[in-house]
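# Observations on the three-dimensional arrangement
In case you want the letters, here they are:
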Amino acid sequence: MKTTTTTKTTHYEIQKKRRESLLDEWKGYHKTVQKRRDVVMHDVPSRRIRSGVYAGYDGDRPTKNLDATVHELAPHTATTIHRHSWDAIEFIESGRGWTEIDGQRIDWRPWDTLHLPTWAWHRHGNDADKPAIFHTWSVEPMLEQFGVALIEDGGDTPVAELPRRQRQADVIAGSDPHARRRQRLGQQWAGTESARLITRFDEVRGLVTKRGARSLFLVDKSIGYHTAGLSAVMHELAPGLYQSRHRHGGEAWLYVVSGRGHSEVDGVEYPWEAGDLIVVDHWSWHQHFNDDKEKTARLIRVHNFDALYDMIRILLDPLNLFEELPELDAPDLTGIVWPDHFAGRPE
Ligand SMILES: [Fe+2]
Ligand SMILES: [Fe+2]
């Protein structure tokens with residue numbers, strides 16, 4: 001039997017509708033400030049931990065690039081071991097414990113920051129009498145978007161009995177296309193297994209920047225890490241003051257370690273306090289203010305500009321995806337008496 005399609009809707013309308021509904025759907029997921037009290041903690045028996053999602057597919061607020069999760073590890077407990085194709089930053093909020101990365105045990109305390117590299121087996125432990133709380137910020141959504149998010153569960157198998165970390169094929173001589181690829185990838189991969197894994201808060205100090213904060217790198221390629229573009233910086237806003245206003249595409253997340261304040265995003269004020277996560281929507285003019293006249297506010301900015309965002313900038317040039325005021329409206333910080341580096345750090 002012969003059939004003829006009689007629909008009047010063309011490919012153009014269908015595609016247009018699909019594109020519009022995608023953006024409408026994603027706008028619905030955005031929330032500027034995720035309050036700590038709204039993060040629901042769940043028992044995760046397969047990992048022997050409790051976890052709650054600030055933002056990401058694993059919670060009720062899907063994301064396309066980064067995700068943010070908080071974990072609580074009970075006293076005298078160690079998690080199972082696993083590894084995955086994405087990497088993550090781990091920031092310790094409170095408690096003392098350890099993370100074992102490819103068999104190397106790293107002890108940590110509050111405000112230490114670790115990097116969990118791609119394909120490295122890892123598990124966490126708490127030998128103390130108090131719970132330990134840490135945050136992870138990963139690029140799992142980005143890898144999921146590309147269809148290359150893979151997770152492997154090692155259960156309670158000792159790391160020595162598990163397959164070693166994925167490695168790059170050896171560099172080979174020659175100038176043919178395949179040899180050139182092997183040389184380039186070999187160079188990019190070099191040093192990944194010996195890259196830095198922890199920034200101890202004891203060993204770093206902040207510096208005052210032109211943007212109007214005292215800042216220090218926690219995880220970044222400039223301080224010896226080998227990440228898939230992830231970077232974290234701690235910004236400390238002076239009492240009653242603010243950072244200069246700017247806007248950019250993509251995602252820059254700010255986790256509030258201590259203090260209270262508000263962010264102005266396209267003219268709307270969003271209050272925040274310790275434990276909250278600020279997700280600045282793309283291309284919105286924004287500025288972060290410390291509302292406490294006595295104490296500084298500490299925020300950790302996380303993004304992966306070195307990977308996805310740089311790629312997008314190149315693909316969308318000449319669209320400008322980062323903008324500051326011609327003259328930065330940062331406050332004058334001369335004469336500010338900064339508190340001790342460790343002020344407010346949990347024991
Ligand atoms: Fe993990
Ligand atoms: Fe920003």
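Since this is a predicted model, take the numbers as computed values, not measurements.

What counts, and where the lines are drawn
Residues numbered from 1 in each chain as written. Chains lettered and ligands numbered in written order. Predicted model: local features only at pLDDT ≥ 70, side-chain atom pairs only at ≥ 80, totals over all residues. Heavy atoms only, no water. Helix = DSSP H or I, 4+ residues; strand = E, 2+ residues; numbered from the N terminus. Rg over C-alpha atoms; globule rule 2.2 N^0.38 Å. Buried < 20%, exposed > 50% of the residue type's maximum accessible area, 1.4 Å probe, protein only. Contact = heavy atoms within 4.5 Å. Areas by Shrake-Rupley, 256 points an atom, 1.4 Å probe, with all protein chains shown as cover. Lys, Arg positive; Asp, Glu negative; His and termini not counted. Charge placed at Lys NZ, Arg CZ, Asp CG, Glu CD. Phe/Tyr/Trp six-rings, centres within 6.5 Å; stacked < 30°, edge-to-face > 60°. Donors = N, O, S within 2.8 Å, 3.2 Å for Na, K, Ca; no water. Polar contact = N/O pair within 3.5 Å; in protein donor to acceptor, adjacent residues only side chain to side chain. Pairing = 2+ DSSP bridges. Core = buried A, V, L, I, M, F, W, Y, C linked by side-chain atoms within 4.5 Å. Domains from an automatic or database assignment.

## What to know about the overall build of the protein chain
When you go through the protein chain residue by residue, the secondary structure sums to four helices and 25 strands. Expected size for 347 residues packed as a compact globule is a radius of gyration near 20 Å; at 22 Å, the protein chain falls within 12% of this value. Counting only C-alpha atoms and orienting by the principal axes, one finds that the protein chain spans roughly 80 × 55 × 50 Å. Buried residues in the protein chain amount to 45% of all 347 residues. The long-range share in the protein chain, meaning contacts at least 24 apart out of those at least 6 apart in sequence, stands at 72%. Accessible area of the protein chain: about 18,600 Å², with a carbon and sulfur share of 53%. Taking the average location of the 45 positive side-chain charges in the protein chain and that of its 52 negative ones, the two points are 4 Å from each other.

## A short note on the packing of aromatic side chains
Across all of its chains, the model carries 11 aromatic pairs by this definition. Arranged with centres 5.9 Å apart and planes meeting at 45 degrees, the rings of Trp 137 and Tyr 255 form a pair that is tilted. Of the two residues, Trp 137 sits in strand β12 (residues 132-138) while Tyr 255 sits in strand β19 (residues 252-258), which places them 118 residues apart along the sequence. Like Trp 137, the residue Tyr 255 is buried in the burial classification. Ring centres of Phe 201 and Phe 342 lie 5.9 Å apart, and the angle between their planes is 75 degrees; this geometry places the pair in the edge-to-face category. Taken together, the residues Phe 201 in the loop between β14 (198-199) and β15 (207-208) and Phe 342 in the segment after β25 (322-324) connect sequence positions 141 residues apart. Assessed through its relative accessible area of 0%, Phe 201 is described here as buried. Residue classification places Phe 342 among the partly exposed residues on the basis of a relative accessible area of 27%. One aromatic cluster is present, built from ring pairs that chain together Tyr 54, Phe 91, Trp 137 and Tyr 255.

## So, the coordination of the iron ion (ligand 1)
Distances from the iron ion (ligand 1) to its protein donors, namely His 82 (NE2), His 84 (NE2) and His 122 (NE2), fall within the range 2.1 to 2.2 Å. Between the donor residues of the iron ion (ligand 1), the gaps in sequence give the motif H-x1-H-x37-H. Remark: His 122 occurs in strand β11 (residues 122-126) and His 84 occurs in strand β6 (residues 81-84); sequence separation between them is 38 residues. One exposure class covers both His 84 and His 122, and it is buried.

## Observations concerning the side chain of Ser 51
Here Ser 51 shows up in strand β3 (residues 49-55). For Ser 51, a relative accessible area of 12% translates into the label buried. Polar side-chain contacts of Ser 51 include one of 2.9 Å to the side chain of His 71. Apart from residues no more than four positions distant in its own chain, Ser 51 is found in contact with Val 40, Met 41, His 42, Val 44, Thr 69, Val 70 and His 71.

## Overview of the sheet that holds strand β7 (residues 88-94)
Strand order in the open sheet formed by seven strands is β2-β3-β4-β12-β7-β10-β14, with antiparallel pairing between adjacent strands. The strands lining the two open edges of the sheet, one partner per strand, are β2 (42-44) and β14. Sheet topology places β2 next to β3; three bridges connect them, and they run antiparallel. Of the residues in β3, the one forming a bridge with Asp 43 is Arg 50.

## A look at the nonpolar core
Residues Phe 91, Trp 137, Met 234, Leu 277 and Ile 300 are the most contacted members of the largest nonpolar core, which totals 32 residues. Counting the residues that make up this core, at least three belong to each of domain 1 (33-166) and domain 2 (198-324). Contact partners of Leu 277, with chain neighbours within four places excluded, come to Thr 32, Val 33, Gln 34, Tyr 54, Ala 55, Ala 68, Trp 253, Leu 254 and Tyr 255. Listed in part, the 14 residues of the second largest apolar core include Ala 88, Leu 114, Leu 116 and Ala 132.

## Digging into the pairing of strand β20 (residues 260-265)
Among the six residues in β20, five count as buried, and that is most of the element. Examined bridge by bridge, β20 and strand β21 (residues 268-273) share six bridges and lie antiparallel to one another. When the bridges of β21 are listed, Arg 260 appears paired with Glu 273. Connecting β20 to the antiparallel partner β21 that follows it, the hairpin turn spans two residues, and Asp 266 within it adopts a positive phi of roughly 45 degrees. As defined by bridge partners, β20 adjoins strand β23 (residues 286-290) across five bridges and the pair is classed as antiparallel. By the bridge assignment for β23, His 262 is matched with Phe 289.

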